[in-house]
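# Commentary on secondary and tertiary structure
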Amino acid sequence: MSGEPRVDKTGTQAGETPMSLDSSTSSRMAAYSRGLKTDVFYHLGLDTDMDLHATFGNVKFFVLMGSAQRAEYFAEAMGNALVSKGMPKPVVERLGKTERYSMYKVGPVVSVSHGMGGPSIHILLNELAKLCDRAGIVDSVKWIRMGTSGGCGVPPGTVVVTTQAMNDEWNHTGVCPAWQSRQDPHRCVDMKFVDAILESVPDTSCC
């Protein structure tokens, strides 16, 4: 029918970049997204017709947390932290729409809420990963999930930094599903980044 897109034998619509059938799932997803004239990140309220590099090109960290209010508070706190380091306070920018997620940018940091549960954060990470790819920062940006740590067996107020990942069978061995591929859980955590976070904590042992 004339109103339907033409699809060739590879399953690619006319005008789009074909995907290699023997490439990894993540590579094929990136190839598909890059081949679209416009890719819409619907739940974020953003798309590739916008100048994503101008907005996100300087971003170094994505910090994800559950609630929208916490994401806003963290963005404000990050702005104040930059001031405490002698830098001018950056403007806290609210980005995109807020029906599903709330996203704020302050300097090189993006603070974004992901809602409740695995499916919600999975959708967010899907769209953010494609956004970062289009903005040219997907290989350099760091990802942090921040939240409460109840049930870890530590006193209230303790800051807990993750050093291991669990797979879908609730253990530290074997594999974990990621983009329909299989990964070693020990590779899910960047230990150099973890060490840098720990080294940045002020020494309060004398107080």
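This text follows the structure it describes.
Everything in this summary refers to the structure shown in the same document. (Residues numbered from 1 in each chain as written. Predicted model: local features only at pLDDT ≥ 70, side-chain atom pairs only at ≥ 80, totals over all residues. Heavy atoms only, no water.)

## Quick notes on the overall build of the protein chain
Scanning the protein chain from N- to C-terminus turns up five helices and nine strands. Ordered by position from the N terminus, the helices and strands of the protein chain form the series α-β-β-α-β-α-β-β-β-α-β-β-β-α. Accessible surface, the protein chain: about 13600 Å² in total, of which carbon and sulfur atoms supply 55%. (Helix = DSSP H or I, 4+ residues; strand = E, 2+ residues; numbered from the N terminus. Areas by Shrake-Rupley, 256 points an atom, 1.4 Å probe, with all protein chains shown as cover.)

## Considering the environment of R134
Position of R134 relative to the elements: it lies in helix 4 (residues 118–135). R134 sits 78 residues away from F56 along the chain, and the two C-alpha atoms are 9.7 Å apart. Excluding anything up to four places from it in sequence, R134 contacts S33, R34, G35, L36, D39, F41, T48 and L52. (Contact = heavy atoms within 4.5 Å.)

## Examining the pairing of strand 6 (residues 109–113)
Most of strand 6 is tucked away: five of the five residues are buried. Burial along strand 6 is two-sided: V109, S111 and S113 facing one way and V110 and V112 facing the other are all buried. With four bridges joining them, strand 5 (residues 103–106) and strand 6 adopt antiparallel strand pairing. Along strand 6, the bridge assignment pairs V106 with V109. (Buried < 20%, exposed > 50% of the residue type's maximum accessible area, 1.4 Å probe, protein only. Pairing = 2+ DSSP bridges.)

## Some points on the side chain of S111
With respect to the helices and strands, the residue S111 is situated in strand 6. Residue classification places S111 among the buried positions, given a relative accessible area of 0%. In this structure the side chain of S111 is engaged in a polar contact, spanning 2.7 Å, whose partner is the backbone oxygen of A71. In contact with S111, not counting residues within four places along its chain, are V63, M65, A71, F74, A75, S102, M103 and Y104. (Polar contact = N/O pair within 3.5 Å; in protein donor to acceptor, adjacent residues only side chain to side chain.)

## Quick notes on the packing of aromatic side chains
Aromatic ring pairs are described here by two measures, namely the spacing of the ring centres and the angle between the planes. All chains considered together, the criterion is met by two aromatic pairs. When the ring of F61 is compared with that of F193, the centres are 5.9 Å apart and the planes differ by 15°; the resulting orientation is stacked. Taken as a pair, F61 in strand 3 (residues 61–65) and F193 in helix 5 (residues 191–199) lie far apart in primary sequence, 132 residues in all. For F61, a relative accessible area of 29% translates into the label partly exposed. (Phe/Tyr/Trp six-rings, centres within 6.5 Å; stacked < 30°, edge-to-face > 60°.)

## Quick look at the nonpolar core
Within soluble globular proteins, side chains that are nonpolar tend to cluster in buried spots. Ranked by internal contacts, the top residues of the largest apolar core, which has 21 residues, are L44, F56, F62 and M103. Among the secondary structure elements, those contributing two or more residues to this core are helix 2 (52–56), strand 3, strand 6 and helix 4. No other element matches the six residues that helix 4 contributes to this core. Leave out the neighbours within four places in its chain, and M103 touches L44, L46, F56, E93, R94, L95, V110, S111, V112 and L128. Of all hydrophobic cores here, the second largest spans nine residues; its members include M65, F74, L82 and V106. (Core = buried A, V, L, I, M, F, W, Y, C linked by side-chain atoms within 4.5 Å.)

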